[in-house]
Structures are given as C-alpha cells and as structure tokens.
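Summary of the model geometry
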Amino acid sequence: MEPRRKILMVAPEMAPFVKVGGLGDVVGALSKALDARGHDVRIVMPKYAGLCHVDSARPRNRPLRVRLGGHELYARLWDCELPGSGANCYLLEFNQYYEHAAVYVGPSGNEEHNGQRFAFLCRAAVDLCYYLDWIPDVVHCHDWATGLTPIYLNTTELNQPMGRAASLMTLHNMHHQGWFHRDLVDFAGLPPSVFRSDCLESMGEVNMLKGGVYHSTKINTVSPTHAREIQEPEGGGGLHHVLRYRAADLLGVINGVDGSEWNPATDALLPATYSANDLNGKALCKAQMQQTYGLEVNADIPVFAVISRLAEQKGLDLLAAIGDRLMASMKIQIAVLGIGDPELESAFRVLAARHPGRFGTHIGFNNKLAHLTEAGADFFLMPSRFEPCGLNQMYSMIYGTPPIVRATGGLIDSVEQYIEGQGAGTGFVFQDATPDALYYTIGWACSTYYDRPEEYAKLQQNGMQRDFSWDASASTYEDLYSWAVDARNAAFASKIS
Ligand code: ADP
C-alpha cells in the first residue's frame, strides 16, 4: 500500500475546464484517479476567460502574493473542486496574463508574452503552498509551461520549506519547449547562475523545458517507447543529450483513459449508447455522424475518421495527399474533425467540396462531435509522425472503432497489429510516414471490412475488451512519486551529513 501523498499538480490546462490537447486530459484524469486512491491532490492553473464547469468556484478574500524578480504581483485566488472528484483546484486570476480564453496565446494575440505568463504560473505554484501552509511531498509539473517550478525548488527555495518537496516533470510533447529572451531569468527572480548550458540556457536564449528537465527530481514521458525515442536525435527535439544525461531518472508511463468521459455504454453525448455485447447503438451513431458530416447515410460503407490538431506532427498531410486517390479507388467515406494549420484546413475543405457525400470536413474544436465521431466511425486514422502517447487511438478501440496508426511512440505501445486469417490484434500499424504506406494500409483495412467481416468484428471486440483505465497508470505514478520523494530525501540527508 502506497503512503498517502500530498501532490501539487502545476498545469497550463486541465480538462474539463480547458483543454488544448492530451496534456489537459491527462492532468484531469490522473488527478481524479489519484484522488480516488486516497491521495491529497491539489491543482493550480490559470483562470483563463471562459473556463468550463467552474460555476461553483469561489474567490478568496486574501490575494496571493507572487514573488517575481524585484517585484511582487497579486493574483486573485479561486477555489473549486475538480468535477467528479474531491481534488482541490486553485485558479489564478490575473487579468494582465489570463484575461483571454486562449491557453498558449498571450494578450497581444501571439506567444510573445508566454515567458512572463508561465513564469508567473511557476512562481505562483510555489507561493501558493506557503499561502496555504501546505508543503506537498511532490510537485508534479507538465511540460515547458511549468519548467521553472523545479528550478525554484532547487534555488530560491532550497533552504526554505518548499525546498524539501520533490518534483516530477511529465513530458507530454517535446516539440514545444518555451524559448524566450534571457531577460526572463531576471523577471522570474531566479539567480543569474541558472542561465547556463546545463540548466536554462540554450543557444543564447532561455529554454524553459530544458531547465525543467535538468532540475526535476524525476522525469517521465507518456509511453515506454517514447521514453526511448526522446533520447535519440530524431525524437528529442534537440534535448536528447539532456535526456540521455538524465536517463537513470527517466521512465515511460502510458496514459489511461478517463472512463467517466469516454465509455460508449454511458456516454451522454451520443444519440445511443452501446457495448461490446450489443453494438446496435453504434449503427445509430454512424447514421447521425454521416448526416452531421454531410455524408451519404449508408450503413454498409465504412467510414474512416480523424479527430486531431491539424499539425505536422499528426501526419495528416499524408491523408490530404491521397484523398483523391482513395475516393477514386475505394468504396469508403472519410470524416475529418480538426483545426490548426490553415493549409491543411483548406486541403480538407477542398476534398469535401470535390467529393460531396463521401468526404466530410468539420473545421473546429468540438468535443460533442468528437464523441459522435469515435462512436460512429468504422476506422480511426492516426498517421502521426511522432506521438508521445496519443489518446484518440485508445478512445477509438474502446468505442469499437479499430485504429490505423503509424508505428511510433505510444501508438506502438497501445495498438496491436491485426493478424490476417486469425482476426487477432486491435488495429492496423504501418511503418513509413509516406502517403503510399497510409494508402495501402487503408486499403488493407477496407478489404478486411468488406471481405473478412467476421475478422473485422473480432478486431472491434478485441479493442473493446482492452483495459485502458487509469488505475494501472495511476499506480505507476505512485511508484514514481515514491522514487522522487526517496531521491529528494536522500539528497538532503547527504547534504546534511
Ligand atoms: P495531442 O495531445 O497531441 O493533441 P492526443 O491524442 O493525446 O493528441 O489528445 C488529443 C485530445 O484532444 C483528444 O482528447 C481529442 O479527442 C481531442 N481533440 C483534438 N482535436 C479535436 C477537435 N478538433 N475537436 C474535439 N476534440 C479534439
């Protein structure tokens, strides 16, 4: 039995309040799972405009003093609970930085002020603990936006109560690292000595993620395969040497799925629920989905779906490149839900206009439609160039929608290759990030659907029976916390002796 831990999550986003990508899902779901396992979990994050599910939040009378370099700023602090759990959330109201709804875009409409916006979050997380008179065992940080917090613990706080707290940095996406002008060190109130190449400095600038990786007691990323990938030049986004240096403190832990959000048997966002024993409701979802995307409503034609940020990482340019070819050679439908790169948005709009009733595109971020799409589709497409963990492939397996994925990161760790003739596996895995590899794999899936329906049904069942719940991962995070706490205690003991 693990000891009851005091855990502070420091997060730039968290579902269901606000979510840009998987990081938000993970912070919300992991916090819930840890709370359910008896830990004292608290979360601190900015109070951006337009947060959802915060109607019950109450402001505190006493403001939070945030001690940055040479100046103090005061935030208004709001308390609320993470829905579906007893975990306390502390929302930082500070209009100069967070009065807009966008998470990673500052008041000027670009990312220029993000250094200050997130240095503020990093410092506020530390000052909040003194304010609450609550010293956590572990401060759990998430990606570059929280990278300065472990540095505070090792510098300004080292001889203060917060210096005893261990830190864990979870790397969700190495692609974003938080590069800023070196002035940020002064602004943040960090000692000038942290601006060196084995801490925050990188090519003459501040790299917040790099500093966080150097200073966290322990580090993890969101799948075992990705933990290996980020130690290689192709996967480490320029920080592979730092991660190799810290390899002994690095672990890969696959994400789980929040079953209260993503479960076809209870999903309130679907027109009909269903389960592995009775898939009837899925047919209804398919019909409604086809209608919503402007596709021909036809139960017999397989629908291949995408739900994604439209970013280079996701490999959807490969799909755009073969859109016409697929439409010409296969009896399939395609539905794309996504937002991001304007060129890709317009490529998918053009494909929809060129193939009415067969290619549907919805540009936007729409959670309800995401649920309907997972449920209504027959296959899910995820041709990612890299994917630290990926959640949608797990959602799709749970929803009886076999995924087609590229062999990378968490996709390797969560999808089992289909074995033709046996109906074994949970999806289709291809190696090369090329239009041809995707094209032929979609062809393989299409022939499975039409020519081997009993094997397609088996694939669905195999995926639906897999356990993707957070329980196993939450228990590994408990081990990680113990590992970090022991290491922090040992470091202090050796300093004193
Ligand atoms: P990433 O974090 O790289 O964006 P993940 O697969 O880990 O990718 O998580 C993405 C999350 O965001 C999933 O919950 C997915 O359903 C959701 N999502 C992505 N794009 C959209 C969209 N356009 N509309 C609704 N949900 C989306």
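Residues numbered from 1 in each chain as written. Predicted model: local features only at pLDDT ≥ 70, side-chain atom pairs only at ≥ 80, totals over all residues. Heavy atoms only, no water.

Taken together, the neighbourhood of the ligand is formed by 22 residues, with Gly-22, Asp-25, Arg-309, Lys-314 and Gly-364 sitting nearest. Note that an oxygen atom of the ligand is positioned 2.8 Å from one of the side-chain N or O atoms of Asp-25. In this structure, Asn-392 approaches the ligand through a side-chain N or O atom, which is 3.2 Å from an oxygen atom. Considered on its own, the ligand offers 560 Å² of accessible surface; in the complex 94% of this is hidden by protein. When residues of the shell around the ligand are traced back to their parent elements, those giving at least two are α1 (22-36), β14 (303-310), β15 (333-340), α12 (367-376) and α13 (392-398). (Near = heavy atom within 4 Å. Polar contact = N/O pair within 3.5 Å; in protein donor to acceptor, adjacent residues only side chain to side chain. Areas by Shrake-Rupley, 256 points an atom, 1.4 Å probe, with all protein chains shown as cover. Helix = DSSP H or I, 4+ residues; strand = E, 2+ residues; numbered from the N terminus.)

This part covers the packing of aromatic side chains. Within the structure shown, the criterion is met by 27 aromatic pairs. Here the aromatic rings of Trp-262 and Tyr-395 are separated by 4.0 Å at their centres, their planes lie at 10 degrees, and the arrangement is stacked. Note that Trp-262 is positioned in the loop between β13 (250-252) and α9 (280-292) and Tyr-395 in helix α13, a separation of 133 residues in sequence. With respect to class, Trp-262 is no different from Tyr-395; both count as buried. Ring geometry for Phe-379 versus Tyr-449: centroids 6.2 Å apart, planes at 65 degrees, classification edge-to-face. (Phe/Tyr/Trp six-rings, centres within 6.5 Å; stacked < 30°, edge-to-face > 60°. Buried < 20%, exposed > 50% of the residue type's maximum accessible area, 1.4 Å probe, protein only.)

Attention now moves to the sheet that holds β14. Strands sit in the order β16-β15-β14-β17-β18-β19 across an open sheet of six strands; the sheet is parallel. Each edge of the open sheet is held by one strand with a lone partner, namely β16 (359-363) and β19 (428-430). Between one strand and the next, the sheet's axes are offset by a mean angle of 20 degrees, whatever the strand orientation. The sheet contact formed by β14 and β15 spans eight bridges and is parallel. By the bridge assignment for β15, Leu-310 is matched with Gly-340. With respect to the sheet, helix α10 (residues 316-329) is in contact with β14, β15, β16 and β17 (379-382), its orientation differing from that of β14 by roughly 150 degrees. (Pairing = 2+ DSSP bridges. Axes fitted to C-alpha atoms, helices over the stretch in contact; angles between N-to-C directions. Contact = heavy atoms within 4.5 Å.)

The α-helix advances 3.6 residues per turn, and as a result positions three or four apart in sequence lie on the same side. If you check helix α15 (residues 435-451), its first and last C-alpha atoms are 24 Å apart, about what 17 residues at 1.5 Å a residue would give, namely 24 Å. Buried within α15 are the following residues: Ala-437, Leu-438, Tyr-439, Thr-441, Ile-442, Ala-445, Cys-446, Thr-448 and Tyr-449. (Expected span 1.5 Å × (residues − 1).)

Bringing the packing of α9 against α12 into the picture now. Interaxial distance between α9 and α12 falls to 8 Å at its minimum, and their mutual angle equals 125 degrees. In this view, α9 runs oblique relative to α12, as classed from their interaxial angle. α9 and α12 meet at a crossing whose hand is left-handed. Contacts between α9 and α12 involve Lys-282, Cys-285, Lys-286, Gln-288, Met-289 and Thr-292 on the former and, on the latter, Leu-369, Leu-372, Thr-373, Glu-374, Ala-375 and Gly-376. Partitioning the contact of α9 with α12 into residue classes produces five nonpolar, four polar and three charged. (Parallel < 35°, antiparallel > 145°, perpendicular 65-115°, else oblique. Left-handed = near helix turned anticlockwise from the far one by under 90°. Nonpolar A, V, L, I, M, F, W, Y, C, P; charged D, E, K, R; others polar.)

Here we take up the sheet that holds strand β9 (residues 179-180). Each strand in a sheet pairs with its neighbour through backbone hydrogen bonds, running either in the same direction (parallel) or in the opposite one (antiparallel). Spatially, the three strands line up as an open sheet ordered β9-β11-β10, and their pairing is antiparallel. If you trace the sheet from one side to the other, it starts and ends with β9 and β10 (201-202), each paired once. As paired strands, β9 and strand β11 (residues 205-207) are joined by two bridges and run antiparallel to one another. Note on β11: the bridge partner recorded for Trp-179 is Asn-207. With respect to the sheet, helix α6 (residues 208-215) is in contact with β9, β10 and β11, its orientation differing from that of β11 by roughly 55 degrees.

Mapping Arg-452 onto the fold places it in the loop between α15 and α16 (453-465). Judged by its relative accessible area of 14%, Arg-452 is buried. At a separation of 3.0 Å, a polar atom in the side chain of Arg-452 contacts the side chain of Tyr-418. Residue contacts for Arg-452: discarding those within four places in its chain leaves Tyr-418, Glu-420, Trp-444 and Ser-447.

Here the domain parsing of the protein yields domain 1 (6-256 + 471-496) and domain 2 (280-467). Computed over C-alpha atoms, the centres of domain 1 and domain 2 are 33 Å apart. Of the roughly 1200 Å² buried where domain 1 meets domain 2, counting both sides, 59% is carbon and sulfur surface. Summed over the shared surface of domain 1 and domain 2, the number is zero salt bridges. (Domains from an automatic or database assignment. Buried area = accessible area lost by both parts, 1.4 Å probe. Salt bridge = Lys/Arg side-chain N within 4 Å of Asp/Glu carboxyl O.)

Here the focus is the pattern of salt bridges. A complete count under the given rule lists 22 salt bridges for this structure. For Arg-42, the salt bridge identified is with Asp-40, shortest N-O distance 3.1 Å. Asp-40 matches Arg-42 in its accessibility class, with the two residues each being buried. Between Arg-385 and Asp-317 there is a salt bridge; the shortest N-O distance is 2.8 Å. Of this pair, Arg-385 sits in the loop between β17 and α13 while Asp-317 sits in helix α10; the two residues are 68 residues apart in sequence, bridging distant segments of the chain.

Taken N-terminus to C-terminus, the directions of α10 and α15 make an angle of 40 degrees; their axes are 9 Å apart at the nearest point. By the angle between their axes, α10 is oblique relative to α15. Our pair here, α10 against α15, has a crossing hand that is right-handed. Only Pro-435, Asp-436, Leu-438, Tyr-439, Tyr-440 and Ile-442 of α15 make contact with α10, whose side of the interface consists of Leu-318, Leu-319, Ala-321, Ile-322, Arg-325, Leu-326 and Ser-329.

In terms of backbone geometry, most residues other than glycine have negative phi values and most peptide bonds are trans. A cis amide bond, omega 5 degrees, links Ala-15 with the succeeding residue Pro-16. One can find Pro-16 in the loop between β1 (6-10) and α1. Phi at Asp-133 takes a positive value of approximately 55 degrees, unusual for a residue other than glycine. Tracing the sequence through the fold places Asp-133 in the loop between α3 (114-132) and β7 (138-142). Look at Asp-133 and you get exposed, because its relative accessible area is 70%. Phi angles above zero are rare outside glycine, and Asp-143 is one such case at about 65 degrees. Within the secondary structure layout, Asp-143 lies in the loop between β7 and α4 (148-154).

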